[in-house]
Each structure stands twice: as structure tokens, then as C-alpha cells.
Amino acid sequence: MEKDVIILGIESSCDDTSAAVIRNGVLLSNVTANQSVHEAYGGVVPELASRAHQQNVVPVVDQALKRAGVERSELSAVAFTRGPGLMGSLLVGVSFAKGLARSLGIPMIDINHLQGHVLAHFIKEAGSEDRQPQYPFLCLLVSGGNSQIIRVNAYNDMQVLGQTIDDAAGEAIDKCSKVMGLGYPGGPIIDRLARQGNPTAYTFAKPHIEGYDYSFSGLKTSFLYSLRDWLKEDPEFIEHHKEDLAASLEFTIVDILMDKLRKAVKDAGIKEVAVAGGVSANNGLRNAFREHAVKYGWNIFIPKFSYTTDNAAMIAITGYFKYLDGDFCSIDLPAYSRVTLK
Ligand code: KG4
């Protein structure tokens, strides 16, 4: 009988400490500790994030193994996020993974966080519907740090067709939400408010960029300046119109994202289309995908909410694919804060 392949995945690139266990490609557990400490600062404070990772990593890994019913001695390999991300945060996960793998005498597998987000579509849960994209497919990767259109030819062959030349979509949402005095992170708050607002109440500047690239800094400035003018006339403007502001902002961002994606789908002639990353939790964006599926015959893939934001299940599944290919790394491999998809 073939030996089970059991992968422990560890994710610590930003402010979520997460560990997951996958057996033969099927998810057994996925445990995440979020860090509320950043809320008071309106953004992630790197030093505080690494300290929290240090506190969380051991209990989170223990919990993931316990929930999976797996002993350390049964693990085949440890997969970990190598980058991109915050260096101090990455170092906690990378060092822990190296130490654990070395102590158990098993291989270690380095994972590109962005590749992990894309491959979240291959996370299989026991008993759930097994619907996965076929290669090649296009993936819109939208998070706090990235906005990219990626052509995915294979799990280890991804080509970035377009990306933001300034802010990421999530970053723009978070910054506009901060200007409105809403909490952090702004994405889920804007999403909730937008459900009760009118998406065409206000219009904001849209970028005119060649090809498949994105830009969100102009929109951010346009939002800021408009708000400043409206506040001069009515100091309570935000309070009175926050739902319409959120809905109009969300509508504009989703429109910008879908515009370029539609163009990429048409030019590539690929109708297998996925969305990934933290912003893919956004209801407006998810609905836009569903509408495009109906209108343009796209075969769409929208991740479960739990696999949109940072999680170790996506790291473990990517690790599983690399394990099957014998693609391991050495102990002297450094973490990297900046890296693109190959
Ligand atoms: O992928 P992610 O967890 O972290 C990285 O950036 O790697 O993405 C976080 C981003 C934040 O900007 C957050 O505001 C945004 O995803 N986000 C959302 C929603 N949930 C999270 N944006 C819009 N609507 C949401 N429901």
C-alpha cells in the first residue's frame, strides 16, 4: 500500500498565523489566528505582527495537527510561505517550519504566497463538491498587496498578464475607508455598507491605462477630493451618505477590475475564469463574476470565503503538488519580502 502524503502548511506573511494539514490532497484542518491588535492603528504594524506570530505559531500548529488527528511523526513534509510579505512576519513561519522539518528529518517546501492564493481553488474538503478549474485558466488575484490578471498554465507555470502600477484594489478600498473614518480593514466594512447603498449615487475617476494593467491611485485621490468638497458643504456628509459612498466606491472598483479581465478573457480565448485573494470575498465582485458567467458564458471559480483571505490550506495544497514533484528546498533558503510570480 502507498504511504499517505501528509503535508503541514504554515502561513505567516502578514497578520494571520495559520496552519493546515492535508492528506493525499484532501484538507483535514485549517486553523487561523487573526491579530486584532492592529485595529487600533488603522493598518498592520509590522513589529506587532511578528510578535503576535511568535505567540501564535506553536498553538496554531498544535491545534491544526490535533484537529486533523495527525501526529508530527506522520508528516511527510512541511510547506511554508517564503514570500512575499512582511519580513518580520515571514521569518517567524519560515524559521519555525525549518526547525520542525529538521527535527523530524522530513523535507521542507517553500511556497510563493501568490501562487498559493491562485491554487486555493484546488483545496479539496472531504465530502464536498470536487469542482476545480482546468488548465489553462485566467485568475484575477486581488488582495491588499496585489491586483493581477494571471494566466495559469499549470500549478507551477503562471504568467502575469497585467498588474497594478500603483495601489492594489484592497489597498485602495482600505485607504478610502480610512478617509471615511471607518474601521480597519475597510474591505469588509465597505462591503457591508455597500449592500444598503446606491452604486450609481456618485462617480469617481477611472484610470485609462494600456493593456491589462491596473491603477487605483487616481480613484483614491478622486474619492478624497470629492469627499473634501462635500464635507465643506455638509460636515455630516459621510454619516449621512456612507452607504451610497461605499456602494459607489465598490461599484467603481469592481467595474475597473472586470473591464480589464473581460479584455484579457476575450484576447486569450479562455473562458475558464477564477478570482482569488482577500478582495474576492467582496459581494459586489462575486456578483459581477456570476453576471459575467451568464452574459459571456464564463466557467467561473469563486473561492469559499475562508480561502479568500490569507490561510494555510492554500499553502498546504501548493506544498502537496510540489511534494509530488519532489520540489523541496534547502535549510539555507532565506525568506523574501518581495517577489513576483514566475
Ligand atoms: O489576501 P489578503 O487577506 O491579504 C493580502 O493582502 O495578502 O487581502 C486583504 C485585503 C484587504 O485590503 C481587505 O480590506 C480586503 O482584502 N478585503 C475585502 C473584503 N474582505 C477583505 N475587500 C472588499 N470586500 C471584502 N469583503
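Data block above holds the structure.
What this report covers is the structure whose coordinates are included nearby.

Structural notes on the overall build of the protein chain
Counting its secondary structure elements, the protein chain contains nine helices and 11 strands. Taking 342 residues into account, the globule formula puts the C-alpha radius of gyration at 20 Å, and the protein chain, at 20 Å, falls close to it. C-alpha extents for the protein chain along the principal axes are approximately 70 × 45 × 35 Å. Within the protein chain, buried positions represent 53% of all 342 residues. Looking at the protein chain alone, contacts between residues at least 24 apart form 72% of all its contacts between residues at least 6 apart. For the protein chain, the accessible area works out to roughly 15200 Å², and carbon and sulfur atoms hold 50% of it. Computed over 33 positive and 39 negative side-chain charges, the separation of the two mean positions in the protein chain equals 2 Å.

Here we look at unusual backbone geometry
Residue proline 84 follows glycine 83 across a cis peptide bond; omega there is -5 degrees. The phi torsion at asparagine 24 lies on the positive side, around 50 degrees, for a residue other than glycine. Taking the relative accessible area as the measure of exposure, asparagine 24 reaches 33% and is therefore partly exposed.

Examining the packing of aromatic side chains
Taken as a whole and judged by the stated rule, the model has 15 aromatic pairs. Arranged with centres 5.1 Å apart and planes meeting at 55 degrees, the rings of phenylalanine 204 and phenylalanine 223 form a pair that is tilted. One end of the pair, phenylalanine 204, is in the loop between α5 (186-194) and α6 (217-233); the other, phenylalanine 223, is in helix α6, with 19 residues separating them in the sequence. Residues phenylalanine 204 and phenylalanine 223 agree in their burial class; the two are buried.

A short note on the site of the ligand
Neighbouring residues of the ligand: 19 residues in total, closest Gly144, Asp174, Gly187, Asp191 and Gly278. One of the backbone nitrogen or oxygen atoms of glycine 145 is found 3.3 Å away from an oxygen atom of the ligand. A distance of 3.1 Å separates an oxygen atom of the ligand from a polar backbone atom of glycine 187. Relative to its unbound accessible surface of 560 Å², the ligand loses 87% to contact with the protein. For the shell around the ligand, the secondary structure elements donating two or more residues are α3 (113-119), α4 (169-179) and α5.

Observations concerning the pairing of strand β3 (residues 26-34)
Strand direction decides the pairing type here: strand β2 (residues 16-23) and β3, joined by eight bridges, are antiparallel. When the sheet's bridge partners are listed, isoleucine 22 is paired in β3 with leucine 27. Note that β3 and strand β6 (residues 124-125) share two bridges and pair parallel. The partner of leucine 27 across the bridge, within β6, is glutamate 125.

What about the side chain of glutamate 250?
Structurally, glutamate 250 can be placed in helix α7 (residues 237-268). On the basis of relative accessibility, which here comes to 8%, the residue glutamate 250 falls in the buried class. Those residues within four positions of glutamate 250 in sequence are excluded, and the remaining contacts are Ile190, Asp191, Ala194, Arg195, Asn282 and Gly284.

Re the sheet that holds strand β5 (residues 108-112)
Strand order in the open sheet formed by six strands is β5-β4-β1-β2-β3-β6, with mixed pairing between adjacent strands. Each of the sheet's edge strands pairs with one partner strand only, and the pair in question is β5 and β6. Strand direction decides the pairing type here: strand β1 (residues 6-11) and strand β4 (residues 77-83), joined by four bridges, are parallel. Bridge assignment links isoleucine 10 to a residue of β4, and that residue is phenylalanine 80.

Quick notes on the sheet that holds strand β11 (residues 299-301)
Within a beta sheet, neighbouring strands are joined by backbone hydrogen bonds and run either parallel or antiparallel to one another. The strand order across the open sheet formed by five strands is β9-β8-β7-β10-β11, and the pairing between neighbours is mixed. At either end of the open sheet lies a strand with only one pairing partner, and these are β9 (157-163) and β11. Pairs of neighbouring strands in the sheet enclose a mean axial angle of 25 degrees, with direction left out of account. The sheet contacts of helix α8 (residues 283-296) involve β7 (137-142), β10 (272-276) and β11, and relative to β10 the element is tilted by about 175 degrees.

A short note on the pattern of salt bridges
Evaluation of the coordinates by the stated rule reveals 16 salt bridges. Notably, a salt bridge pairs glutamate 125 with lysine 304, separated by 2.9 Å at the nearest N-O pair. Placement of the pair is glutamate 125 in strand β6 and lysine 304 in the loop between β11 and α9 (313-324), with a sequence separation of 179 residues. When its relative accessible area of 24% is taken as the criterion, glutamate 125 is described as partly exposed. A single salt-bridge network, built from bridges that share partners, covers Arg82, Asp110, Lys322 and Asp327.

Reading guide: rules and limits
- Residues numbered from 1 in each chain as written.
- Predicted model: local features only at pLDDT ≥ 70, side-chain atom pairs only at ≥ 80, totals over all residues.
- Heavy atoms only, no water.
- Helix = DSSP H or I, 4+ residues; strand = E, 2+ residues; numbered from the N terminus.
- Rg over C-alpha atoms; globule rule 2.2 N^0.38 Å.
- Buried < 20%, exposed > 50% of the residue type's maximum accessible area, 1.4 Å probe, protein only.
- Contact = heavy atoms within 4.5 Å.
- Areas by Shrake-Rupley, 256 points an atom, 1.4 Å probe, with all protein chains shown as cover.
- Lys, Arg positive; Asp, Glu negative; His and termini not counted.
- Charge placed at Lys NZ, Arg CZ, Asp CG, Glu CD.
- Phe/Tyr/Trp six-rings, centres within 6.5 Å; stacked < 30°, edge-to-face > 60°.
- Near = heavy atom within 4 Å.
- Polar contact = N/O pair within 3.5 Å; in protein donor to acceptor, adjacent residues only side chain to side chain.
- Pairing = 2+ DSSP bridges.
- Axes fitted to C-alpha atoms, helices over the stretch in contact; angles between N-to-C directions.
- Salt bridge = Lys/Arg side-chain N within 4 Å of Asp/Glu carboxyl O.

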